[in-house]
Amino acid sequence: MNKIIVAPGAFKNSLSASAVAAAIQRGLIRSNLDAETVVLPIADGGNGTLDAFLARGGTRHTVNVDDPLGRPVEAEYGILPDGETVIIEMALASGLELLDSDQLNPLLTSTYGTGQVLAAALDMGVTRFIIGMGGSATVDGGAGCLQALGIRLLDAQGDEIVRGGGALNQVQTI
């Protein structure tokens, strides 16, 4: 018997990699082709990364975090079957698709929500992190993540800087 590996990426703003793979597999099965299909969705670190890692097992968790502009949003992360490895897709907490086109301003957006996801995963006892960094609406170099984890980024007066890429030039002390 032939074997067909179905390994698509996401169709941006349309279907996730898992949904695309399932549709292709259904079509192959309907064709009555004499072949075994193996579904392995792929991703490049952006949208669909979590789905791709969890396609072969693991658990999905939801946490309330701040989106790139500090508004509440639900983000997901996954824990692989080993119970030690967490998969975090930055786009789900700090991503472009969470914003309207008129809200895209990397000087104001922050990775704080991704740091909140990291904190939630740490609370689950994981010890290994795989973080897909594609699809981000931010340029704060992970400063927001650090702030969410309790690290203080201070300006010359000793005050905490505001979130967002535009404030990085004010950091004097970490």
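Just so it is clear, the model here is predicted, and its values are computed rather than measured.

### Some thoughts on the pattern of salt bridges
Logical step 1: As enumerated under the stated definition, the model contains five salt bridges in all.
Logical step 2: The shortest N-O distance in the salt bridge between Arg71 and Asp67 comes to 2.7 Å.
Logical step 3: One salt bridge connects Glu160 with Arg152, and the closest N-O pair in it is separated by 3.5 Å.
Logical step 4: We classify Arg152 as partly exposed; its relative accessible area is 48%.
Logical step 5: Residues joined by salt bridges that share partners form a network here, namely Asp51, Arg60 and Glu76.

### A look at the sheet that holds strand β6 (residues 128–132)
Logical step 1: The strand order β3-β4-β5-β6 describes an open sheet built from four strands, whose pairing is mixed. The sheet terminates laterally at β3 (59–66) and β6, the two strands that pair on one side only. Shown here is a sheet whose adjacent strand axes are inclined to one another by a mean of 30 degrees, direction ignored.
Logical step 2: Contacting β3, β4 (72–79), β5 (85–89) and β6, helix α4 (residues 112–123) crosses the sheet at an angle of about 135 degrees to β3.

The rules behind the values
Every residue gets a number counted from 1 within its own chain, in the order that chain's sequence is written. Totals for whole chains, interfaces and linings use every residue, but because this is a predicted model, local features are given only for residues with pLDDT of at least 70 and side-chain atom pairs only at 80 or more, for both listing and counting. The basis for every side-chain value is the complete set of non-hydrogen atoms in the structure, without hydrogens or water. The term salt bridge refers to a pairing of a side-chain nitrogen on Lys or Arg with a carboxyl oxygen on Asp or Glu at a separation within 4 Å. Accessible area is worked out with a 1.4 Å probe on protein chains only. A residue is then buried under 20% of its type maximum, exposed over 50%, and partly exposed in between. A strand pair is defined by DSSP finding two or more bridges across the two strands. Runs of H or I in DSSP of at least four residues are treated as helices and runs of E of at least two as strands, each being numbered from the N terminus. Lines fitted to the C-alpha atoms define the axes, with helices restricted to the stretch that makes contact. Angles between their N-to-C directions range from 0 to 180 degrees. By definition in these notes, contact holds between two residues if any of their heavy atoms fall within 4.5 Å.

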